[in-house]
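Fold and geometry: a report
If you want the building blocks of each chain, they are given just below.
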Amino acid sequence: MRWQVLRNPHFARIFLASLISEIGSKIHRIALLVLVYTLTSDALWVSLTLAVQLGASVLIAPMLAAWADTQEQR
């Protein structure tokens with residue numbers, strides 16, 4: 001019953017595009033951590049990178065979302 005909405009081709013396209021984008025974002029986060037470890041060989045830098053990523057999504061993203069909602073949508 002839930003998946004009946006995917007029969008609409010427009011919705012199916014946007015759903016798949018969002019899914020692919022989300023997968024790419026997750027791969028990017030992991031690749032960045034692997035790159036930092038490859039360059040530094042130090043788990044401390046990997047931890048700091050992960051902390052900065054978390055801080056950006058927890059602290060900065062909500063503020064930017066609230067600001068974006070106040071902007072004119074033209």
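Shown above is the structure to which this text applies.
All of the points below concern the structure found in this document. (Residues numbered from 1 in each chain as written. Predicted model: local features only at pLDDT ≥ 70, side-chain atom pairs only at ≥ 80, totals over all residues. Heavy atoms only, no water.)

Time to look at the overall build of the protein chain. Along the protein chain, the regular secondary structure elements total two helices and zero strands. Computed over its C-alpha atoms, the radius of gyration of the protein chain comes to 18 Å, more than 25% above the 11 Å expected for a compact globule of 74 residues. Considered along the principal axes of its C-alpha atoms, the protein chain spans approximately 50 × 30 × 25 Å. Scored against the burial criterion, the 74 residues of the protein chain give a buried share of 8%. In the protein chain, the 6 positive side-chain charges and the 4 negative ones have mean positions that sit 16 Å from each other. (Helix = DSSP H or I, 4+ residues; strand = E, 2+ residues; numbered from the N terminus. Rg over C-alpha atoms; globule rule 2.2 N^0.38 Å. Buried < 20%, exposed > 50% of the residue type's maximum accessible area, 1.4 Å probe, protein only. Lys, Arg positive; Asp, Glu negative; His and termini not counted. Charge placed at Lys NZ, Arg CZ, Asp CG, Glu CD.)

Below, the discussion takes up the packing of aromatic side chains. For the coordinates displayed, the defined rule picks out two aromatic pairs. Taking 6.3 Å as the distance between ring centres and 20 degrees as the angle between the ring planes, the aromatic pair formed by F11 and F15 counts as stacked. Residue F11 and its partner F15 are located together in helix α1 (residues 9-40), separated by four residues, close to a single helical turn. Judged by its relative accessible area of 36%, F11 is partly exposed. With relative accessibility at 33%, the residue F15 sits in the partly exposed group. Ring pairs connect the aromatic residues W3, F11 and F15, which therefore count as one cluster. (Phe/Tyr/Trp six-rings, centres within 6.5 Å; stacked < 30°, edge-to-face > 60°.)

Even without being a glycine, S41 presents a positive backbone phi close to 55 degrees. Mapped onto the elements of the fold, S41 is located in the loop between α1 and α2 (43-70). We classify S41 as exposed; its relative accessible area is 55%.

A cluster of nonpolar side chains, contributed by W3, V5, F11, I14, F15, L16, L19, I20, I23 and I27, occupies part of the molecular surface with about 1,000 Å² of accessible area. As for its placement among the helices and strands, L16 is situated in helix α1. (Patch = residues over 30% accessible without salt bridge, like charges linked within 9 Å, V, L, I, M, F, W, Y side chains within 5 Å. Areas by Shrake-Rupley, 256 points an atom, 1.4 Å probe, with all protein chains shown as cover. Salt bridge = Lys/Arg side-chain N within 4 Å of Asp/Glu carboxyl O.)

Packing of α1 against α2 brings their axes to within 8 Å, and their N-to-C directions diverge by 150 degrees. Relative to α2, α1 is oriented roughly antiparallel. Considering only the axes of α1 and α2, their crossing is right-handed. Where α1 abuts α2, its residues R29, L32, L33, V36, Y37 and T40 lie against A43, W45, V46, T49, L50, Q53 and L54. When grouped by side-chain class, the residues that make up the contact of α1 with α2 number nine nonpolar, three polar and one charged. (Axes fitted to C-alpha atoms, helices over the stretch in contact; angles between N-to-C directions. Parallel < 35°, antiparallel > 145°, perpendicular 65-115°, else oblique. Left-handed = near helix turned anticlockwise from the far one by under 90°. Contact = heavy atoms within 4.5 Å. Nonpolar A, V, L, I, M, F, W, Y, C, P; charged D, E, K, R; others polar.)

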